[in-house]
Amino acid sequence: MTEAQTVPARRIGLRLLVMIVVFAIVLVVSAAINSAAAGNAVTALVFGALTAAGGLLLYRFLVGRLERRPVDEAAAAGLAPGLLRGAGAGVVLFAVTIGIIAVLGGYRIAGLGSLTATIATFGTMVGAAVAEELLFRGALFRLVEEWLGTWVALAVSGLLFGALHLLNPGATLWGAIAIAAEAGVLLGAVYTATRSLWVPIGLHFGWNFAESGLFGTVVSGTTNTHGLVRGVAAGPDAISGGGFGPEGSVVAIVVSGVASALLLRHAHRKGLIVRRGGAPR
């Protein structure tokens, strides 16, 4: 590496360090606040919205100061269409996943849930989706991609995203590997194909809300969220996901893998894949 290349690499490394530290703190604080507020629908909605808005404002401020550029990936004009597209895609992808699992005997509805709990889950998932996407796609994926290219960024952000889920109460090593292979890669692929943070935020929220708020299943080993129905896992863990939830199912890996492949093919055709050093492929 030449001296001219080393200086930008150092600058990216410094920005990456600052952004990761700041948004790791944001994630921890957001998780604590939203967990405390999760028992009440109103407080969950209010604090979910506040932590999401606070994180986004901080992201725009830091990127503006550290990178001296317009924050196009979180532009206000793209907020509504990006979130709606992403959330819709997330709900559909999870509905397909749980539908296949049900057909294979891995999921059934045991009874009705609660509308109040569903609203509380909505608020909790808003805060979680924004905080995790700011850290993993807004900071980690984006800056590693600028430095080392899209493929390295997908691998690094996916593996670390999976590792984060080892901290969940019912976490398993297989569950973390599955999360890395499905959600970590899929959300990175969504950002690659759209160059917008709104779409992966929306997809992350839509998937998680459908998983718990609509179908009443465990989310990544966490059981303290509830929805419209009470879902029950049945049969082999490889199909149902077992105690980790549907994200531990091979079905989720296959569905997400297909979606990721289609998105990355689209990105490649559009010249959106970045090679080492930040140049488009």
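Residues numbered from 1 in each chain as written. Predicted model: local features only at pLDDT ≥ 70, side-chain atom pairs only at ≥ 80, totals over all residues. Heavy atoms only, no water.

### Digging into the packing of helix α3 (residues 79-103) against helix α9 (residues 250-269)
And step 1. Close contact between α3 and α9 brings their axes to 9 Å; oriented N to C, the two are set at 145 degrees. Where α3 crosses over α9, the handedness of that crossing is right-handed. Only V251, A252, V255 and A259 of α9 make contact with α3, whose side of the interface consists of L93, V96, T97, I100 and I101.
And step 2. Classifying every residue of the contact of α3 with α9 by side-chain character gives eight nonpolar, one polar and no charged. (Axes fitted to C-alpha atoms, helices over the stretch in contact; angles between N-to-C directions. Helix = DSSP H or I, 4+ residues; strand = E, 2+ residues; numbered from the N terminus. Left-handed = near helix turned anticlockwise from the far one by under 90°. Contact = heavy atoms within 4.5 Å. Nonpolar A, V, L, I, M, F, W, Y, C, P; charged D, E, K, R; others polar.)

### Digging into the environment of G39
And step 1. Tracing the chain through its elements places G39 in the loop between α1 (3-37) and α2 (41-67).
And step 2. On a C-alpha basis, the gap between G39 and G271 in space is 46 Å, while along the polypeptide they are 232 residues apart.

### Section: unusual backbone geometry
And step 1. Although it is not a glycine, R68 adopts a positive phi angle of roughly 55 degrees.
And step 2. Look at R195: it is not a glycine, yet its phi comes out positive at around 55 degrees.
And step 3. With respect to the helices, strands and loops of the structure, R195 is situated in the loop between α6 (173-194) and α7 (198-214).
And step 4. For R195, a relative accessible area of 25% corresponds to the partly exposed category. (Buried < 20%, exposed > 50% of the residue type's maximum accessible area, 1.4 Å probe, protein only.)

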